Amino acid sequence: MAAPRTRIGSNLRDQHAVSLQTRFEETYVRSVNAVLLPRLGFEERITSLEECTPNMFIAVVEAILRAQVPEVHREPNTIDAHEHNMRALLNFLNQVIGADLSHISHTLICQGNPSATSNMLDIVLSLADIVCGPYPGGDLEGRS
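Residues numbered from 1 in each chain as written. Predicted model: local features only at pLDDT ≥ 70, side-chain atom pairs only at ≥ 80, totals over all residues. Heavy atoms only, no water.

A.B. asks: Is there a simple way to think about the packing of helix α2 (residues 54-65) against helix α5 (residues 114-132) in this case?
C.D. replies: Geometrically, a packed helix pair is captured by the angle between its two axes and the distance between the axes. For the pair α2 and α5, interaxial distance at closest approach is 10 Å and the crossing angle is 15°. Considered as vectors, α2 and α5 are oriented roughly parallel to each other. Judged by the sense of rotation from one axis to the other, the crossing of α2 with α5 is left-handed. Between α2 and α5, the contacting residues are M56, F57, V60, V61, I64 and L65 on the first element and T117, M120, L121, V124, L127, A128, V131 and C132 on the second. (Axes fitted to C-alpha atoms, helices over the stretch in contact; angles between N-to-C directions. Helix = DSSP H or I, 4+ residues; strand = E, 2+ residues; numbered from the N terminus. Parallel < 35°, antiparallel > 145°, perpendicular 65-115°, else oblique. Left-handed = near helix turned anticlockwise from the far one by under 90°. Contact = heavy atoms within 4.5 Å.)

Below, the structure is given as C-alpha cells:
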C-alpha cells in the first residue's frame, strides 16, 4: 500500500511549479528587456509579463514593420477598447505573416495570462528577427 500523500510533498510540488513558472516568466522578461526593446530603440523596460499590454505589443509591432496597425483606438480607456486593439493587432499580423494566430487569445493577453502573452512574444520576437535581421549574438533563448 502506498504511503498517503502528505502536505509536505504537496507543498514541495507546488513550490516547484511556482519556481518553474517564475523562471519561465523571467526568461521572457529578459528577452524583452535585453533583445526586443533595445533593438527597436525603446528605453522602457518591463519587470513582469503583465506589463506586456496591447499598447506595448502595438508599439513594438509598429516599430518593427514601420506601419500603423489599422483600426486601433490610440487612447484606449476601457477593457473593451484594449481587447479591440489586441484583436486588431492579431488580425493585422495574420494578414502580414499569413499564419493562423487563432491559438493566441486577445482576451487572455489583456488579462495578463502568461501563456497567451508568451505566445504573442514568440510571434513578435520572430517577426523582429525576420524583419530586422538576427540580433547580434542571438536572443536569450539561443535563437539566431
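Picking up where we left off.
A.B. asks: Explain α5 to me, please; I cannot follow it from the model alone.
C.D. replies: Because each turn of an α-helix spans 3.6 residues, side chains separated by three or four positions end up pointing in the same direction. Taking 1.5 Å per residue as the helical rise, α5 with its 19 residues ought to reach 27 Å, and the 26 Å between its terminal C-alpha atoms agrees with that figure. For α5, the set of buried residues is A116, T117, S118, M120, L121, I123, V124, L125, L127, A128 and D129. The backbone nitrogen of S115 lies 3.0 Å from a side-chain oxygen of the residue at the head of α5, namely N113. After α5 finishes, the residue G133 shows a positive phi value of roughly 90°. (Expected span 1.5 Å × (residues − 1). Buried < 20%, exposed > 50% of the residue type's maximum accessible area, 1.4 Å probe, protein only. Polar contact = N/O pair within 3.5 Å; in protein donor to acceptor, adjacent residues only side chain to side chain.)

A.B. asks: Would you take a moment to explain unusual backbone geometry for this structure?
C.D. replies: Trans is the common state for peptide bonds, and a negative phi is the common state for residues other than glycine. A positive phi angle, near 55°, is found at R66, a position not held by glycine. Relative to the elements of secondary structure, R66 occurs in the loop between α2 and α3 (79-97). Here R66 falls in the exposed class, since its relative accessible area comes to 79%. Within the chain, E71 stands out as a residue other than glycine whose phi angle is a positive 65°. Along the chain, E71 falls in the loop between α2 and α3.

A.B. asks: What is the right way to look at the confidence of the model for the protein in this model?
C.D. replies: Atomic detail in the predicted coordinates should be set aside for any region of low pLDDT. Mean pLDDT over the protein works out to 86, with 82% of the residues at or above the 70 mark. For the protein, helix α1 (residues 7-39) is the element with the lowest average pLDDT, namely 78, and α2 is the one with the highest, namely 97. (pLDDT = per-residue confidence, 0-100.)

A.B. asks: Would you explain the pattern of salt bridges in this entry?
C.D. replies: Counted according to the given criterion, the structure contains two salt bridges. Across the salt bridge formed by D129 and R39, the nearest N and O atoms sit 3.0 Å from each other. A residue pair is termed long-range when its members are at least 10 positions apart, and D129 in helix α5 and R39 in helix α1 qualify at 90 residues. As far as burial versus exposure is concerned, D129 and R39 are alike and both buried. One salt bridge in this structure joins R74 and E62, with 2.8 Å as the shortest N-O distance. A residue pair is termed long-range when its members are at least 10 positions apart, and R74 in the loop between α2 and α3 and E62 in helix α2 qualify at twelve residues. The buried category is assigned to E62, whose relative accessible area is 15%. (Salt bridge = Lys/Arg side-chain N within 4 Å of Asp/Glu carboxyl O.)

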